[in-house]
Amino acid sequence: MKRLHVHVAVDDLAASIKFYSTMFAAEPTVTKDDYAKWMLDDPRVNFAISARGAAPGLNHLGVQVESAEELAEMNARLQKLDGDVVEEMGTACCYAKSDKYWATDPTGIAWETYHTLDSVPVFGGQEASGCCVPEPAVAKVSGCIPVKAKSATGGCC
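Given the structure is predicted, the values throughout are model-derived calculations rather than measurements. In this convention, every chain numbers its residues from 1, walking through the sequence in written order. Local features in a predicted model are, by the rule used here, given only for residues with pLDDT of at least 70; side-chain atom pairs are given and counted only at 80 or more, and totals for whole chains, interfaces and linings are based on all residues. With hydrogens and water excluded, all non-hydrogen atoms of the structure serve as input to the side-chain values.

Observations concerning the overall build of the chain
Where we set the bar: Every helix listed is a DSSP run of H or I at least four residues long, and every strand listed is a run of E at least two residues long, numbered separately from the N terminus. What makes two residues a contact is simply this: any of their non-hydrogen atoms within 4.5 Å. We get accessible surface area from the Shrake-Rupley algorithm with a probe of 1.4 Å; when it comes to residues, only the shown protein chains can shield them.
Secondary structure summary: the chain contains two helices and ten strands in total. Shown N-terminal to C-terminal, the secondary structure of the chain runs as helices and strands in the order β-α-β-β-β-β-α-β-β-β-β-β. Within the chain, counting contacts between residues at least 6 apart in sequence, those at least 24 apart form 55% of the total. Taken as a whole, the chain presents about 8,800 Å² of accessible surface, with 54% of it coming from carbon and sulfur.

Structure (structure tokens):
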């Protein structure tokens, strides 16, 4: 069974934990000094927030799978898309060790598909302020919706 993953960057972790705990009628299943995660069954979602200096708002979306076989199936789907797929095996991110594949949607939103292998005591990632989201495979033109780098013509909007 797959689970939708949503990760939101927040300014005030404590206030956000209070808000989402009230909204979901559940306390987080993981709480750290800079991170909280709810593994909800109704709705079935892995919802995470972090206060690590990233711009507030949507950080990335994802699909969490329960087996290596499901992850391989998701990778096969991603490989059919017109875009780059970033593979990360055994990576440490968000206090978990996971195998994952990243893709970027046409609007520049990062999507991860992943299988969690274990928990780890560190947030992970290359920079203390950010999450583990790879740079999107799109070119951003100031003031415009992101466009795929290989088809960008330099025009805007």
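Okay, back to it.
Some points on unusual backbone geometry
Keep this limit in mind: Each residue is assigned to one of three classes by its accessible area relative to the maximum for its type, calculated with a 1.4 Å probe on protein chains only: buried under 20%, partly exposed between the two thresholds, exposed over 50%.
The phi dihedral of cysteine 94 is positive, around 55°, even though this residue is not glycine. Within the element layout of this structure, cysteine 94 appears in the loop between β6 (86–93) and β7 (96–104). Its relative accessible area of 12% is what places cysteine 94 among the buried residues. Phi at tyrosine 95 takes a positive value of approximately 60°, unusual for a residue other than glycine. Relative to the assigned elements, tyrosine 95 resides in the loop between β6 and β7.

A few points about the side chain of aspartate 34
The criterion, for reference: The definition of a polar contact used here is a pair of N or O atoms within 3.5 Å, where within protein one atom must be able to donate a hydrogen and the other to accept one, and adjacent residues in sequence count solely through side-chain atom pairs.
One can find aspartate 34 in the loop between β2 (30–32) and β3 (35–41). At 2.7 Å, the side chain of aspartate 34 forms a polar contact with the side chain of tyrosine 95. In this view, aspartate 34 contacts Leu13, Ile49, Ser50, Ala51, Arg52, Tyr95 and Phe123; residues no more than four positions away in its chain are not counted.

Concerning the environment of histidine 115
With respect to the element layout, histidine 115 can be found in strand β8 (residues 110–119). Take histidine 115: its relative accessible area is 15%, and that puts it in the buried class. Residues histidine 115 and lysine 2 lie 113 residues apart in sequence; the distance between their C-alpha atoms is 9.9 Å. With residues up to four places along the chain from it excluded, the contact list for histidine 115 reads Val65, Glu66, Ser67, Ala68, Leu71, Lys97, Ser98 and Asp99. A polar side-chain atom of histidine 115 sits 3.4 Å from the main-chain carbonyl oxygen of glutamate 66.

Here's the deal with the confidence of the model for the chain
Worth spelling out the cut-off: As a per-residue measure, pLDDT tells how confident the predictor is, with possible values from 0 to 100.
Looking at the chain as a whole, the pLDDT averages 79, with 78% of positions reaching at least 70. The element-level mean pLDDT for the chain is lowest in strand β10 (residues 147–148), coming to 35, with β2 highest at 97. pLDDT under 50 marks residues 126–130. Its contacts with residues more than four places away, or in other chains, come to seven contacts. Confidence drops under pLDDT 50 across residues 137–157; counting only partners more than four residues distant or on other chains, this segment forms 28 contacts.

Considering the sheet that holds β7
Heads up, the condition is: Two strands are said to pair when DSSP picks up at least two bridges between them. Axis angles are defined between N-to-C directions and span 0 to 180 degrees, where every axis is a line fitted to C-alpha atoms and, for a helix, only to the segment in contact.
Pairing within the open sheet is mixed, and its eight strands lie in the order β2-β3-β4-β1-β5-β8-β7-β6. The open sheet has two edge strands with one neighbour each: β2 and β6. The mean inter-strand angle of the sheet, taken between neighbouring strand axes irrespective of direction, is 25°. Pairing analysis gives six bridges linking β6 to β7, with the strands arranged antiparallel. Across the sheet, residue valine 86 finds its bridge partner in β7, namely tryptophan 102.

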